[in-house]
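Close look at the chain arrangement
Listed here are the chains, written in short residue letters.
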Amino acid sequence: VGSEMCIRDRAKEKGFDEAVLLNPKGQITEGSRTNIFFVHKGILKTPSLSSGCLAGITRRAVMEIARLKGIRQICIPALPEELFNSDEAFVTNSVMGIVPLVALEGRRIGPGRAGRITKVLSRDYRALVRVCPAEFADLKKTLRALRKE
């Protein structure tokens, strides 16, 4: 955790809000305090656990919401170029929820604003947190109830 805070501090010094971490193979793992998702041609992608990202509860909730919404998703070993070339992207954690990732190192991602899938997942995630804030108790039951609304 200490090294992630130092990395985030260095990113802040350079004018960035978050740092994207890579594993020794050059693959994206996560942000310094977030999980990373991106969308390409309607498919939601996120770094695989084998890449080294944390299996956070917000990550799991977003993936479950996407599944229930019929959004195709894959966990992959992702290279930075794939993030740069995505149609939209966002980061997640339990404090911030879902936050659009509109640029990386000064390069715009997609149209440079929240995309359709980001908006849908963000809306449903906020609803989930309102209904079930205590560590997402019984996540699947709550998500199914939201799906019926």
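Structural data are supplied above this passage.
Structural notes, computed from the coordinates. Just so it is clear, the model here is predicted, and its values are computed rather than measured. (Residues numbered from 1 in each chain as written. Predicted model: local features only at pLDDT ≥ 70, side-chain atom pairs only at ≥ 80, totals over all residues. Heavy atoms only, no water.)

Here D124 lies in helix α4 (residues 116–131). By relative accessible area, which is 12% here, D124 ends up buried. Considered as a pair, D124 and K69 are 55 residues apart in the sequence and their alpha carbons are 9.6 Å apart. (Helix = DSSP H or I, 4+ residues; strand = E, 2+ residues; numbered from the N terminus. Buried < 20%, exposed > 50% of the residue type's maximum accessible area, 1.4 Å probe, protein only.)

Below, the discussion takes up the side chain of N35. You can see N35 is positioned in strand β3 (residues 35–40). Among the polar contacts made by the side chain of N35, one reaches the main-chain carbonyl oxygen of L54 at a distance of 3.0 Å. Residues within four places of N35 in sequence aside, it is in contact with E30, C53, L54, G56, R59, F90, V91 and T92. (Polar contact = N/O pair within 3.5 Å; in protein donor to acceptor, adjacent residues only side chain to side chain. Contact = heavy atoms within 4.5 Å.)

One side chain can pair with another of opposite charge once the charged atoms of both are near each other. Here the structure, examined in full by the defined rule, presents four salt bridges. Residues E64 and R67 are paired through a salt bridge, measuring 2.7 Å at the closest nitrogen-oxygen approach. Placement of both E64 and R67 in helix α2 (residues 57–68) is noted, with a separation of three residues, approximately one turn of the helix. E64 sits in the buried class, given a relative accessible area of 11%. The shortest N-O distance in the salt bridge between R123 and D124 comes to 3.1 Å. What you see here is one network of salt bridges that share partners, running through K69, R123 and D124. (Salt bridge = Lys/Arg side-chain N within 4 Å of Asp/Glu carboxyl O.)

Summed over all chains, the structure comprises one aromatic pair. Judged by centre distance (5.0 Å) and plane angle (10°), the rings of F37 and F90 are stacked. In this pair, F37 is assigned in strand β3 and F90 in strand β6 (residues 88–93), connecting sequence segments 53 residues apart. By the burial criterion, F37 is buried, and F90 matches it. Sitting over the face of the ring of F84, R107 holds its NZ or CZ atom 3.8 Å from the ring centroid. (Phe/Tyr/Trp six-rings, centres within 6.5 Å; stacked < 30°, edge-to-face > 60°. Lys NZ or Arg CZ within 6 Å of the ring centre and 35° of its normal.)

The end-to-end C-alpha distance of α2 is 16 Å, a good match for the 16 Å that twelve residues give at a rise of 1.5 Å each. The buried count for α2 comes to nine of twelve residues, which makes it a mostly enclosed element. Along α2, the residues classified as buried are T58, R59, A61, V62, M63, E64, I65, A66 and L68. After α2 finishes, the residue G70 shows a positive phi value of roughly 80°. (Expected span 1.5 Å × (residues − 1).)

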